[in-house]
Number of protein chains: 2
Amino acid sequence: MQNEFDEIDRQLLAALQDNARLTSGELAEMTGLSQSPCWRRIRRLEEAGLIDGYHARLSRRALGYGVVAFVSISIDLQNEARSIEFAEAVRAIPQVVMFHGVTGTADFLLMVVAKDLDAYSDLLQHSLHRLPGVRQVQTSFSVQEFKGFNELPIP
Amino acid sequence: MQNEFDEIDRQLLAALQDNARLTSGELAEMTGLSQSPCWRRIRRLEEAGLIDGYHARLSRRALGYGVVAFVSISIDLQNEARSIEFAEAVRAIPQVVMFHGVTGTADFLLMVVAKDLDAYSDLLQHSLHRLPGVRQVQTSFSVQEFKGFNELPIP
DNA sequence: CGTGAAAAAAACGCAGG
DNA sequence: CCTGCGTTTTTTTCACG
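Residues numbered from 1 in each chain as written. Chains lettered and ligands numbered in written order. Predicted model: local features only at pLDDT ≥ 70, side-chain atom pairs only at ≥ 80, totals over all residues. Heavy atoms only, no water.

1. Details of the pattern of salt bridges
This is how the line gets drawn: Whenever Lys or Arg places a side-chain nitrogen within 4 Å of a carboxyl oxygen from Asp or Glu, that contact is recorded as a salt bridge. Note on conventions: DSSP H or I runs of at least 4 residues are helices, E runs of at least 2 residues are strands, and numbering of each starts at the N terminus. Relative accessible area decides the class of each residue, using a 1.4 Å probe on protein chains only: under 20% of the type maximum gives buried, over 50% gives exposed, and in between gives partly exposed.
Within the structure shown, the criterion is met by 20 salt bridges over all chains. Between A:Arg43 and A:Glu46 there is a salt bridge, and its shortest N-O distance comes to 3.2 Å. Placement of the pair is A:Arg43 and A:Glu46 together in helix H3 (residues 35-47), with a separation of 3 residues, close to one helical turn. A salt bridge links B:Arg41 to B:Asp9, with the shortest nitrogen-to-oxygen separation between them at 3.1 Å. One end of the pair, B:Arg41, is in helix H3 (residues 35-47); the other, B:Asp9, is in helix H1 (residues 7-18), and 32 residues separate them in sequence. Exposure remark for B:Asp9: the relative accessible area of 1% places this residue in the buried category. A single salt-bridge network, built from bridges that share partners, covers A:Asp6, A:Asp9, A:Arg41 and A:Arg44.

2. Some words on the packing of helix H1 (residues 7-18) of chain A against H3(A)
All names here are of chain A. The following threshold applies: Axes here mean lines fitted to C-alpha atoms, for a helix over just the part in contact, with angles spanning 0 to 180 degrees between N-to-C directions. The cut-offs work like this: below 35 degrees is roughly parallel, past 145 is roughly antiparallel, 65 to 115 is roughly perpendicular, and the gaps in between are oblique. In this description, contact between two residues means that some pair of their heavy atoms is separated by no more than 4.5 Å. Each residue is assigned to one class: nonpolar for Ala, Val, Leu, Ile, Met, Phe, Trp, Tyr, Cys and Pro, charged for Asp, Glu, Lys and Arg, and polar for all the others, Gly among them.
Close contact between H1 and H3 brings their axes to 11 Å; oriented N to C, the two are set at 75 degrees. As summarised for this structure, H1 and H3 are arranged roughly perpendicular, according to the angle between their axes. In contact with Ile-8, Asp-9, Leu-12, Leu-13 and Leu-16 of H1, H3 contributes Cys-38, Arg-41, Ile-42, Arg-44 and Leu-45. Here the residues of the contact of H1 with H3 are counted per class, giving 7 nonpolar, no polar and 3 charged.

3. Topic: the packing of aromatic side chains
Cut-off, in case you're wondering: Only rings of Phe, Tyr and Trp enter the pairing, Trp through its six-membered ring, and a pair is recorded when the two centres are within 6.5 Å. The plane angle decides the type: under 30 degrees is stacked, over 60 is edge-to-face, the rest tilted. Each ring is checked for a lysine NZ or an arginine CZ that lies within 6 Å of its centre and within 35 degrees of its normal; such an atom marks a charge sitting over the ring.
Evaluated as defined, the whole model comprises 10 aromatic pairs over all chains. Seen from their ring centres, A:Phe99 and B:Phe146 are 4.5 Å apart, and the 25 degrees between their planes marks the pair as stacked. Residue A:Phe99 is found in strand S3 (residues 96-102), and its partner B:Phe146 is found in strand S5 (residues 134-147); the two belong to separate chains. According to the relative accessible area criterion, A:Phe99 is buried, its value standing at 0%. A centroid spacing of 5.5 Å and a plane angle of 45 degrees characterise the contact between B:Phe99 and B:Phe108, whose relative ring orientation is tilted. When its relative accessible area of 9% is taken as the criterion, B:Phe108 is described as buried. Site record: aromatic cluster; members linked through ring pairs are A:Phe86, A:Phe99, A:Phe108 and B:Phe146. Of note, A:Arg21 hangs over the ring of B:Tyr54, and the distance from its end group to the ring centre comes to 3.8 Å.

4. What to know about the sheet that holds strand S3 (residues 96-102) of chain B
Adjacent strands of a sheet form backbone hydrogen bonds with each other and so pair up, either parallel or antiparallel. Stated formally: In this scheme, strands are said to pair when DSSP sees at least two bridges between them.
With antiparallel pairing, 8 strands are arranged side by side around a closed barrel as S2(A)-S4(A)-S3(A)-S5(B)-S2(B)-S4(B)-S3(B)-S5(A). On average, each strand axis in the sheet is inclined to that of its neighbour by 35 degrees, with strand direction left out of account. Bridge analysis of strand S5 (residues 134-147) of chain A against S3(B) gives 4 bridges, and the strand direction is antiparallel. By the bridge assignment for S3(B), A:Glu145 is matched with B:His100. Packed on one face of the sheet, helix H4 (residues 80-91) of chain A meets strand S2 (67-75), S3 and strand S4 (108-114) of chain A together with S5 of chain B and runs near 155 degrees to S3(A).

In structure tokens:
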């Protein structure tokens, strides 16, 4: 199960990651192939699981989320069942847009969106601080977004 | 310039965020509208900037990135020009997939992907530690991804 | 790989409620 | 603002060499 794709596949992946509305024809022109094999390659990339799906990217600001916070959480990890309970509780919070278990001083790192600081404060008090087993919560607000998480580099 | 969208717009946004390949017809059926106004609404949402674009989501694992790291960086921020220089240098690193200036103990938070720990180690030594003005670099590896950053909640 | 062609959908316009 | 209808143009999808 090695990575087995060539330069053209790379071009296709990069182009589609940037704009999924490109047609097979446009992609064919970009890559120098003709339309049919180009379409077949895309099919292959989809079936191989390299392309996970096509999604509209929504604008955080246009949706009214003015606040992005990174939240480090430490818990009392007594047993695995409690950990799973914690993870499920966090995952169920819609404002938590990213959620990883991490090494280091904290146990989990969350990325959270909120309309404003008041909304974030509510979320903190009513959801995050009430999570089962939580010991410490530390918030870091984003003050400047230099790079969103929009794309992966093509190897 | 308030958020001015109704329940149907919310449905459309949620559906397209989940799957951008849905046709106007399918979306019309889902929302109970007919095809024409449905299509018009989508156009409006695009023009209003709520929909930022359509993008293929690539699979990190299928691309061969086994490592995700969160990197906190503190710098000696002597003047603004130096800060901008730093930011540009970081932004130019393809493996840095997310990059925010943050409040708290560190100045910046990065999310980085790498093939494996060796690749991450190289990146750290050859890129991150060599950044202009960097004072401290702290890495937290992701050991479990409970939620990627795949979608925003619809308000 | 390529050319070509049928079937589907997008991208609208328009009349009328 | 919606519906329903129709039209033109693109795009998808696939048979075949």
